[in-house]
Amino acid sequence: MRLYAHIRGWGKYVPPQVMTNDDIARFVDTNAEWIFSRTGIAERRIAGKDDTTTTMAYKAGLAALSAADADPAKVELIIVATMTPDRVMPSTASLVQSLIGAEKAAAFDLGAACSGFVYAYSVASQLIASGAYRNALVIGSDAMSHILDWNDRGTCILFGDAAGAFYLEADEQEGGMLAFELGSDGSGGNLLTGPTVGNSYVPSCGPDLKYNALDMNGRAVFRFATRIMGHAAEEALQKAGLTKDQVDLFIPHQANIRIIESAAKQLGLSMDKVYVNIHRYGNTSAASIPVAFCEAVEEGRLKDGDNVVVVGFGGGLTWAAAVMKWVAVPEEPQDPYSARVARRWVRYQRARLGSLKHRVEHIMDDWLETGSRIVEKQAKRRDPKERSEKE
Ligand code: UT7
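Parameters and conventions
Residues numbered from 1 in each chain as written. Predicted model: local features only at pLDDT ≥ 70, side-chain atom pairs only at ≥ 80, totals over all residues. Helix = DSSP H or I, 4+ residues; strand = E, 2+ residues; numbered from the N terminus. Rg over C-alpha atoms; globule rule 2.2 N^0.38 Å. Buried ≥ 20, exposed ≤ 12 C-beta atoms within 10 Å, placed from the backbone. Domains from an automatic or database assignment. Contact = placed C-beta atoms within 7 Å. Nonpolar A, V, L, I, M, F, W, Y, C, P; charged D, E, K, R; others polar. Near = placed C-beta within 6 Å. Pairing = 2+ DSSP bridges. Axes fitted to C-alpha atoms, helices over the stretch in contact; angles between N-to-C directions. Left-handed = near helix turned anticlockwise from the far one by under 90°. Expected span 1.5 Å × (residues − 1).

Helix and strand counts for the protein chain stand at eleven helices and 13 strands. Rg of the C-alpha trace for the protein chain: 24 Å, near the compact-globule value of 21 Å for 391 residues, within the 12% margin. Each of the three principal axes of the protein chain carries a C-alpha extent, and together these read 90 × 60 × 35 Å. Buried residues in the protein chain amount to 47% of all 391 residues.

The subject of this paragraph is the domain arrangement of the protein chain. The domains assigned to the protein chain are domain 1 (4-198 + 210-325) and domain 2 (337-390). Spacing between the C-alpha centres of domain 1 and domain 2 amounts to 38 Å. The partner domain 2 presents nine residues to the ten residues of domain 1 that form the contact. Classifying every residue of the side of domain 1 that touches domain 2 gives four nonpolar, three polar and three charged.

Next up on the list: the site of the ligand. If you check the shell around the ligand, you find 19 residues, and the closest are Thr30, Cys114, Gly218, Phe222 and Ala255. Elements with a minimum of two residues in the shell around the ligand: α2 (32-39) and α6 (218-240). For the shell around the ligand, the residue count by class is nine nonpolar, seven polar and three charged.

Turning to the sheet that holds strand β12 (residues 307-314), a few remarks are in order. Strands pair in a sheet through their backbones, by hydrogen bonds, and they do so in one of two ways: parallel or antiparallel. With respect to topology, four strands assemble into an open sheet ordered β8-β13-β12-β11, the strand pairing being mixed. Looking at which strands have only one partner, the edges of the open sheet turn out to be β8 (176-184) and β11 (249-252). When strand polarity is set aside, the average angle formed by the axes of neighbouring strands in this sheet is 10°. The sheet contact formed by β8 and strand β13 (residues 318-325) spans eight bridges and is antiparallel. Note that in β13 the partner of Ser184 across the bridge is Thr318. Contacts from α6 reach β8, β11, β12 and β13, with the element oriented near 40° to β13. Set on the sheet, helix α9 (residues 288-298) makes contact with β11 and β12; between it and β11 the angle comes to about 145°.

Another aspect to go through is unusual backbone geometry. Across the junction of Met89 and Pro90, the peptide omega takes the value 0°, indicating a cis bond. Along the polypeptide, Pro90 turns up in the loop between β4 (77-81) and α4 (92-100). A cis amide bond, omega -15°, links Gly316 with the succeeding residue Leu317. Even without being a glycine, Asp69 presents a positive backbone phi close to 55°. Tracing the backbone through its elements, the reader meets Asp69 in the loop between α3 (53-68) and β4. One non-glycine residue with positive phi stands out, namely Ala113, at about 50°. Mapped onto the secondary structure, Ala113 falls in the loop between β5 (106-110) and α5 (116-129).

Take the pairing of β12 next. Counted residue by residue, β12 has seven buried out of eight residues, so it is predominantly covered. Of the strand pairs in this sheet, β11 and β12 are connected by four bridges, and their pairing is parallel. Paired with Ile251 across the bridge in β12 is Val310. The pairing of β12 with β13 spans eight bridges and is antiparallel. Residue pairing in the sheet places Phe313 in a bridge with Trp319 of β13. Hairpin remark: β12 followed by β13, antiparallel, with three residues in the connecting loop; positive phi at Gly316, about 145°.

Here we take up the sheet that holds strand β7 (residues 161-171). On the basis of which strands lie adjacent, the open sheet formed by five strands has the order β1-β7-β6-β4-β5 and mixed pairing. On the outer flanks of this sheet lie β1 (4-13) and β5, each paired with one strand and no other. Geometrically, the sheet is characterised by an average inter-axis angle of 20° between neighbouring strands, direction not taken into account. Where strand β6 (residues 135-143) and β7 come together, nine bridges link them in antiparallel fashion. In the sheet register, Ala143 faces β7, and the bridge partner there is Asp161. Packed onto the sheet, α3 meets β1, β4, β6 and β7 and runs at close to 125° relative to β1. Each of β1, β6 and β7 is contacted by α9, which is oriented at about 95° to β1, the strand it contacts most.

Further remarks concern the packing of α6 against helix α7 (residues 257-266). The interhelical angle for the contact between α6 and α7, taken along N-to-C directions, is 30°, at an axis separation of 8 Å. The interaxial crossing formed by α6 with α7 has right-handed handedness. Contacts from Phe222, Ala225, Thr226, Met229 and Gly230 of α6 reach α7 at Ile259, Ser262, Ala263 and Gln266. Of the residues that constitute the contact of α6 with α7, the class distribution is five nonpolar, four polar and no charged.

Here α3 contains 16 residues, and its C-alpha end-to-end distance of 23 Å stays within 8% of the 22 Å for a straight helix at 1.5 Å per residue. Among the 16 residues of α3, 14 are classified as buried, and the element is accordingly described as predominantly covered. Once α3 ends, the next one or two residues include Asp69, with phi positive near 55°.

What follows covers the environment of Leu62. Within the element layout of this structure, Leu62 appears in helix α3. Between the C-alpha atoms of Leu62 and Gly9, which are 53 residues apart in sequence, the distance is 9.7 Å. Residue contacts for Leu62: discarding those within four places in its chain leaves Gly11 and Ile100.

Right under this line is the structure:
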């Protein structure tokens, strides 16, 4: 009996603060027309003081669980694809686990830059197809504004902040993830780099990388992207046993409209089969594909049985393509809306209380440990034998 990982829920979070091309032109030497004509970007969202990679991931993840009407306490696996974790440790996935109250879930971050979400989606789908897990929450979340050099017009115009998520469940019905193609070429690692942890010197990359900000050779990455996107999609389609003309919707990483058009051309797809929202958000790294997927669903761009291809590329260099068959969520007799909202509220509160209980236990453990150490020290000070030994 073969198992398939189906997307049962999808969710996104984009920060409310909008930064337009004109806003950027106020502090770097550029103009709105140049940015839009060379990239297709009109505006992007920027994380506010309450938005971090973790909080955005949490909100998108919760939205995906809510769309599936799934119980957070029953989530078995959480993978967060990100290159901008709030901290190197703990992982963003572990923090999300605690925030949503997924007490039973394994959790880890996955780093494959802008290809990260499709990598994470592929890993989770395989763990589900193998029978190891029955469900998984896969999130792509990046606060790119935190690592940009806002004086570098070659990069700061491109990126935005967001998070997107899939909630996957095992099912015997054929569909969901059909095939994937993952790849990497570390020899191009120096073409797109992010902040370091202490020492940036890697012999093959050279020592002169920017230390604390994103740095990019735009033209070289552009050439790589136009070469790899169509190729990765074709490889994944071949593995799925499908041809290019069987693709119903193509959801590429939203990095540059010219890269997207070139990939569509390579695949022989007209632009009406390509989902584009780059004008609204710019390049949101690991969040770009799940956010685009959510909006494609919201806009009614997916029909039951559609073949969907997603392709990402980015730093590493890395690339990742996946082919999925969209099977609409089975219609079940629905409770009245108010009953569903109430049930969800009870589940979330119960899951969060479970998580809170663990946090309180950690605090109590710490207090008890500290308390017993103080008592031990005081007892030793009072012990005359020990005192005379010291003297
Ligand atoms: O997730 C993956 C992330 N990365 C990417 O996908 C990026 C891929 N690369 C690109 O999207 C493009 O290479 C860019 C949008 C970054 C740059 O566009 P381009 O058409 O490749 O421009 P260019 O680097 O060839 O530069 C053309 C000219 C240069 O001036 P000169 O030397 O011809 O006088 C640049 O200095 O445009 C200039 N330029 C700008 N002018 C106004 C570069 N950035 C800007 C700017 N505003 N923001």
